[in-house]
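Each chain is listed here by its residues.
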Amino acid sequence: MIVIMKQAATEAEIAGVESDLKRMGFMPHRIQGVERVVIGAVGKQTVAFPVGLETMPGVEKLVPVTAPYKLVSRQFIETNSIVQAGDLLVGGRELVIMAGPCAVESEEQLLTIARHVKAAGARVLRGGAFKPRTSPYSFQGLELEGLKMLAQARSETGLKIVTEVLNPQDVELVSSYADILQVGARNMQNFSLLRELGRNGKPVLLKRGLAATVEEWLMAAEYILAEGNDQVILCERGIRTFETATRGTLDVSAIAMVKQLSHLPVIADPCHSGGHWNLVLPLAMAAVAAGADGLLVEVHHSPREALCDGPQSLTPANFRRLVEGVGRVAAAVERSLQPVQEAEGVTS
Ligand code: PEP
Ligand code: MN
């Protein structure tokens, strides 16, 4: 439910409504709009509809949120939310490209790739230090050493860092090195991890689970917002279907759907979905045409030697071609690859 306050509501009236909501078992989330305050009230399903709240001083009206997810819903916030990591804004007019190797392998590998992706127009460097591998015998990542290499690459290039965190115990450590914390597809419903990220407050990149419905994905995001962190970027990375010709099926319709259902930014990962480097450009262009706010792309200077996901990684030259191609689609849908000054809609 959303409590819409009158334009002239005083601070005391707003605080009065918030404390009444708490007394009735709701958790109030205040949103300061340009003209008025709205209060999102979420509570367990057993909490009764707050009779009498409508007549409290300062209250204009109550609007029920019919979707099962509340704080992530567009019924709750109508405008696009922008996630902010320093001077980087995700969800505005600028499309944000995040690129880098699947896994951090060495200082030299990471810096080489970081320089290439920066020169081509990426704003964020990706690279896993903790890798969720299907086989326990595959390379699991450089862990703390990898995080240090990412921080080093940030200070040398100025790129922001996105990297995966696998479990709640590591959230504090990873957040002390990263600008954006990635939740991988296999962890989308790791609820204790989601709650810890909600309490941590750093921006989160939440990948869609391999077989998650749009509703399950949005409910996972709701866990993070319910703990007080509204800095969530959703990432469509391909789902498992009957099709075996590609590694996954990029669900382009989910990108368009989620942009309608939620105010959160949505980006696409055309590498894990297609599973092959020569599908990355067309899938990236399709995602941007469908409304994606950015891309997460794997790049390696020597894909054949990559310790992880080489076949779906772009060479630096192919990455430059991708940025050019995506730039043309961006212009057609009135987006830009250049940083754009946005004042409106910044949520933090
Ligand atoms: C990755 O980004 O390298 C990764 C492991 O992705 P996903 O969780 O989507 O499989
Ligand atoms: Mn990968």
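Parameters at a glance
- Residues numbered from 1 in each chain as written.
- Chains lettered and ligands numbered in written order.
- Predicted model: local features only at pLDDT ≥ 70, side-chain atom pairs only at ≥ 80, totals over all residues.
- Heavy atoms only, no water.
- Helix = DSSP H or I, 4+ residues; strand = E, 2+ residues; numbered from the N terminus.
- Contact = heavy atoms within 4.5 Å.
- Donors = N, O, S within 2.8 Å, 3.2 Å for Na, K, Ca; no water.
- Buried < 20%, exposed > 50% of the residue type's maximum accessible area, 1.4 Å probe, protein only.
- Expected span 1.5 Å × (residues − 1).
- Near = heavy atom within 4 Å.
- Polar contact = N/O pair within 3.5 Å; in protein donor to acceptor, adjacent residues only side chain to side chain.
- Nonpolar A, V, L, I, M, F, W, Y, C, P; charged D, E, K, R; others polar.
- Domains from an automatic or database assignment.

Draft legend 1. Region of the structure containing the environment of Gly 198. Here Gly 198 is to be found in helix α5 (residues 191-200). Spatially, the C-alpha atom of Gly 198 lies 9.3 Å from that of Val 232, the residues being 34 residues apart in sequence. Sequence-distant contacts of Gly 198, defined by excluding residues within four places in its chain, comprise Ile 224, Glu 227, Gly 228 and Asn 229.

Draft legend 2. Structural detail: the coordination of the manganese ion (ligand 2). The protein atoms that coordinate the manganese ion (ligand 2) are Cys 102 (SG), His 272 (NE2), Glu 298 (OE) and Asp 309 (OD), at distances spanning 2.0 to 2.4 Å. In the primary sequence, the donor residues of the manganese ion (ligand 2) line up as C-x169-H-x25-E-x10-D. Of this pair, His 272 sits in helix α8 (residues 270-274) while Glu 298 sits in strand β14 (residues 294-298), and the two are 26 residues apart along the sequence. Each of the two residues, His 272 as well as Glu 298, counts as buried.

Draft legend 3. Representation of helix α6 (residues 214-226) within the structure. With 13 residues, α6 should reach 18 Å at 1.5 Å per residue; the first-to-last C-alpha distance of 18 Å fits that figure. Listed as buried for α6 are Val 214, Trp 217, Leu 218, Ala 220, Ala 221, Glu 222, Ile 224 and Leu 225.

Draft legend 4. Here's a closer look at the site of ligand 1. Taken together, the residues surrounding ligand 1 are Cys 102, Arg 126, Lys 131, Glu 164, Gln 182, Gly 184, Ala 185, Arg 186, Lys 207, Arg 237, His 272 and Glu 298. In this structure, an oxygen atom belonging to ligand 1 sits 3.0 Å away from a side-chain N or O atom of Lys 131. Class assignment for the residues of the shell around ligand 1 results in two nonpolar, three polar and seven charged.

Draft legend 5. Just the domain arrangement of the protein chain, in detail. According to the domain assignment, the protein chain contains domain 1 (2-63) and domain 2 (83-337). Computed from C-alpha atoms alone, the centre-to-centre distance between domain 1 and domain 2 is 36 Å.

Draft legend 6. Up close: unusual backbone geometry. With a phi close to 50 degrees, Glu 143 is a non-glycine residue in the positive phi region. With respect to the helices and strands, Glu 143 occurs in the loop between β8 (124-126) and α3 (144-157). We note that Asp 309 has phi near 60 degrees; this positive angle belongs to a residue other than glycine. Summarising the element assignment, Asp 309 is placed in the loop between β14 and α10 (316-332). The exposure class assigned to Asp 309 is buried, which follows from its relative accessible area of 18%.

Draft legend 7. Here's a closer look at the environment of Glu 60. Along the chain, Glu 60 turns up in strand β4 (residues 59-63). Counting along the chain gives 96 residues from Glu 60 to Glu 156, while the straight-line C-alpha distance between them is 52 Å. Here Glu 60 is in contact with Ile 4, Met 5, Lys 6 and Arg 36, once residues within four sequence places are set aside. Separated by 3.4 Å, the side chains of Glu 60 and Arg 36 make a polar contact.

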